[in-house]
Amino acid sequence: MAGTCLIIDDDEMFVEIFTRVVRPYGLTATAVNTVPAAVSALMQRDYDVVFLDLRLGNVDGTNVIDAIRKIKPHILHRILAVTSYPGGAKNLPPEVVVIDKANLAGVGARVAAVLGLES
């Protein structure tokens, strides 16, 4: 499968991890590290998978989800929200999957599920 993944994270280590996770699925990763850059990238195309850090520096990453609700609600189910504080991930749309950065086991399976490849 050829497709695209948007990684919205300000931590280069996680950008690299998520890039490696999506590579076996044939996805090309694009990385951005700010809310404005994320919204701009989302306006340009529909991504097959979106990794979204819920804390971008001092900015709440849910602002990106709010933008997606307005401009591309049809991709909400493609968002994998990543956070170091999974208990604090509240008021997210039910389609959005929350992943704990401290426990990335199974993240590849989450990508497969978003792509409709789960067995």
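Residues numbered from 1 in each chain as written. Predicted model: local features only at pLDDT ≥ 70, side-chain atom pairs only at ≥ 80, totals over all residues. Heavy atoms only, no water.

Now for the overall build of the chain. A tally of helices and strands in the chain yields four helices and seven strands. For the chain, the sequential pattern of α-helices and β-strands runs β-α-β-α-β-β-β-α-β-β-α. Its C-alpha radius of gyration of 13 Å places the chain within 12% of the 14 Å reference for a compact globule of 119 residues. Structurally, the chain occupies a C-alpha span of about 35 × 30 × 25 Å along its principal axes. For the chain, the proportion of its 119 residues judged to be buried stands at 45%. (Helix = DSSP H or I, 4+ residues; strand = E, 2+ residues; numbered from the N terminus. Rg over C-alpha atoms; globule rule 2.2 N^0.38 Å. Buried < 20%, exposed > 50% of the residue type's maximum accessible area, 1.4 Å probe, protein only.)

Pairing is parallel in the open sheet, where five strands are placed in the order β2-β1-β3-β6-β7. Two strands close off the open sheet at either side, each with one partner strand: β2 (27–32) and β7 (97–100). In this sheet, adjacent strand axes meet at a mean angle of 20° when their direction is disregarded. As defined by bridge partners, strand β1 (residues 3–8) adjoins strand β3 (residues 49–53) across four bridges and the pair is classed as parallel. Bridge pairing in β3 links Ile7 to Phe51. The sheet contacts of helix α4 (residues 107–114) involve β2, β3, β6 (79–83) and β7, and relative to β3 the element is tilted by about 135°. (Pairing = 2+ DSSP bridges. Axes fitted to C-alpha atoms, helices over the stretch in contact; angles between N-to-C directions. Contact = heavy atoms within 4.5 Å.)

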